[in-house]
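Structure assessment
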Amino acid sequence: MTLATLADVLQPALKGNYAVGGLVTLGWEDMRAYAYAAQSIGAPVILQAGPGCREHTPLPILGKMYRHLAAEVDVPVVAHLDHGYTFDECSKALDSGFTSLMYDGSRKPLNQNIDETARIAELANAAGISCEGEIGFVGYANGENSAGTDPDEAAQFARESGVDAMAISVGNVHLQQDKEGGLDLPRIQAIEAVTSVPLVIHGGSGVPVAQRTLLAQTSKVCKFNIGTELRMAFGAALRASVNSDPDQFDRAVLLKATHDPVMTATQSVLRAFGAPDLRG
Ligand SMILES: [Zn+2]
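Below, the structure is looked at part by part. (Residues numbered from 1 in each chain as written. Predicted model: local features only at pLDDT ≥ 70, side-chain atom pairs only at ≥ 80, totals over all residues. Heavy atoms only, no water.)

Observations regarding the environment of Gln48
- Structurally, Gln48 can be placed in strand β3 (residues 45–49).
- Assessed through its relative accessible area of 0%, Gln48 is described here as buried.
- The spatial distance from the C-alpha of Gln48 to the C-alpha of Gly203 is 13 Å, given a sequence separation of 155 residues.
- Beyond its immediate sequence surroundings of up to four residues, Gln48 is in contact with Gly22, Leu23, Val24, Thr25, Tyr66, His80, Asp82, Lys223 and Asn225.
- A polar side-chain atom of Gln48 sits 3.2 Å from a polar atom in the side chain of Lys223. (Helix = DSSP H or I, 4+ residues; strand = E, 2+ residues; numbered from the N terminus. Buried < 20%, exposed > 50% of the residue type's maximum accessible area, 1.4 Å probe, protein only. Contact = heavy atoms within 4.5 Å. Polar contact = N/O pair within 3.5 Å; in protein donor to acceptor, adjacent residues only side chain to side chain.)

Here's the deal with the coordination of the zinc ion
- Here the zinc ion is held by the protein donor atoms His83 (NE2), His174 (NE2) and His202 (ND1), which lie 2.0 to 2.1 Å from it.
- One chain supplies every donor for the zinc ion, spaced along it as H-x90-H-x27-H. Here His174 lies in the loop between β7 (165–168) and α8 (185–192) and His83 lies in strand β4 (residues 77–84), a separation of 91 residues in the sequence.
- What makes His83 buried here is its relative accessible area of 4%. (Donors = N, O, S within 2.8 Å, 3.2 Å for Na, K, Ca; no water.)

Here we look at the packing of aromatic side chains
- Scanning all chains against the criterion turns up 3 aromatic pairs.
- Where Tyr66 meets Phe98, the ring centres are 5.6 Å apart and the plane angle is 65°; that geometry is what we call edge-to-face. With Tyr66 in helix α4 (residues 59–72) and Phe98 in the loop between α5 (87–95) and β5 (100–103), this pair connects stretches of sequence that are 32 residues apart.
- Judged by relative accessible area, Tyr66 falls into the buried class, the value being 0%.
- Classification of Phe98 by relative accessible area gives buried; the value is 2%.
- Of note, Arg119 hangs over the ring of Phe87, and the distance from its end group to the ring centre comes to 4.0 Å. (Phe/Tyr/Trp six-rings, centres within 6.5 Å; stacked < 30°, edge-to-face > 60°. Lys NZ or Arg CZ within 6 Å of the ring centre and 35° of its normal.)

A few points about the nonpolar core
- Ranked by size, the top nonpolar core spans 65 residues in total, and within it Leu23, Phe98, Leu101, Met166, Ile168, Ile201 and Phe224 carry the most contacts.
- What Phe224 contacts, discounting residues up to four positions off in sequence, is Ala19, Val20, Gly21, Gly22, Ile201, Arg212, Leu215 and Phe273. (Core = buried A, V, L, I, M, F, W, Y, C linked by side-chain atoms within 4.5 Å.)

Overview of the pairing of β3
- Here β3 lies mainly inside the structure; 5 of its 5 residues are buried.
- In β3, alternate side chains face the same way, and those of Val45, Leu47 and Ala49 on one face and Ile46 and Gln48 on the other are all buried.
- Pairing of strand β2 (residues 20–24) with β3 involves 4 bridges; the strand directions are parallel. The partner of Val24 across the bridge, within β3, is Gln48.
- Crossover connection from β2 via helix α2 (residues 28–41) to parallel β3: handedness right-handed.
- Taken together, the 5 bridges between β3 and β4 define a ladder with parallel strand orientation. The partner of Ile46 across the bridge, within β4, is Val78. (Pairing = 2+ DSSP bridges. Right-handed = clockwise from strand over helix to strand, strands pointing away.)

Looking at the pairing of β2
- Burial within β2 is extensive, with 5 of its 5 residues counted as buried.
- Judged by which residues are buried, β2 turns out to be covered on both faces: Val20, Gly22 and Val24 on one side and Gly21 and Leu23 on the other are all buried.
- Examined bridge by bridge, β2 and strand β9 (residues 221–226) share 4 bridges and lie parallel to one another. When the bridges of β9 are listed, Val20 appears paired with Lys223.

Section: the environment of Arg67
- Checked against the element boundaries, Arg67 lands in helix α4.
- The exposure class of Arg67 is partly exposed, given its relative accessible area of 34%.
- Taking the C-alpha atoms as reference, Arg67 lies 6.7 Å from Leu3; in sequence the two are 64 residues apart.

What to know about unusual backbone geometry
- Phi at His83 is positive, roughly 50°, even though this residue is not glycine.
- A positive phi angle, close to 60°, is found at Asn142, a residue other than glycine.
- For Asn142, the location among the structural elements is in the loop between β6 (130–135) and α7 (151–161).
- Judged by its relative accessible area of 88%, Asn142 is exposed.

What about the pattern of salt bridges?
- What the rule picks out here adds up to 8 salt bridges.
- Between Glu144 and Arg107 there is a salt bridge, and its shortest N-O distance comes to 2.8 Å. Pair noted here: Glu144 is in the loop between β6 and α7 and Arg107 is in the loop between β5 and α6 (110–126), with a separation of 37 residues, a long-range link.
- Given the relative accessible area of 44%, Arg107 is considered partly exposed.
- Arg279 serves as the salt-bridge partner of Asp277, at 2.5 Å between the closest nitrogen and oxygen.
- For Asp277, a relative accessible area of 46% corresponds to the partly exposed category.
- Ionic contacts of the salt-bridge type, sharing partners, join the residues Lys179, Arg212 and Glu229 into one network. (Salt bridge = Lys/Arg side-chain N within 4 Å of Asp/Glu carboxyl O.)

Quick look at the structure:
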């Protein structure tokens, strides 16, 4: 059993100069490939359920799936709620066996974001699990624009909300399909100068791999969320599988062909974060 909280994996990453992948799951096939990829290289992994995942599969089911995978491998596995928007949603994730709750109040005024996030952090910490908050707003490709994180606000947010990890907006954008958008390194340095809380980069798929490695080794960025990059690997593998045999209608067979390609893509993503081999 290697179920872990977010703090369990990010504090060693902060001290050991590496980062942990927050991998966006959509279903059994991808989360299983992520867990076994982490196992194969001895890296910790954060399995996370965002709004799209929760729309597809109920939280209590996802909690069971994550915990089952954590029991199957011997690297630390975090069961993480990504972008929880209400107290009830976070509370339901806690009841469903999640070990980390992200509350996203980043569209709200600073004081409201702090107050609401602090409530979730209290809920989480009282139950022995972790909380991630977001300060500044990370936008979406072809959607809402970002609002960069102000270092003073980040310091206040970290101090007053009590979060275990803080997502920041430093040039990162959700749903990017290429890796051309580098991050604002001076802004990251200004933020990490005023807080000791591990930092999180959402929209990690758009960050060049060399910069992920550099930040993992040299900054307080300890978690990169990776969704799009691995969804693209899954989609390409599934499309190839479907096209390879027009007579095949059994989805278990069609989906099986996604395992190896998604596992290989995940190994590559996780290796770049530089974790030591943690296999117990
Ligand atoms: Zn996000």
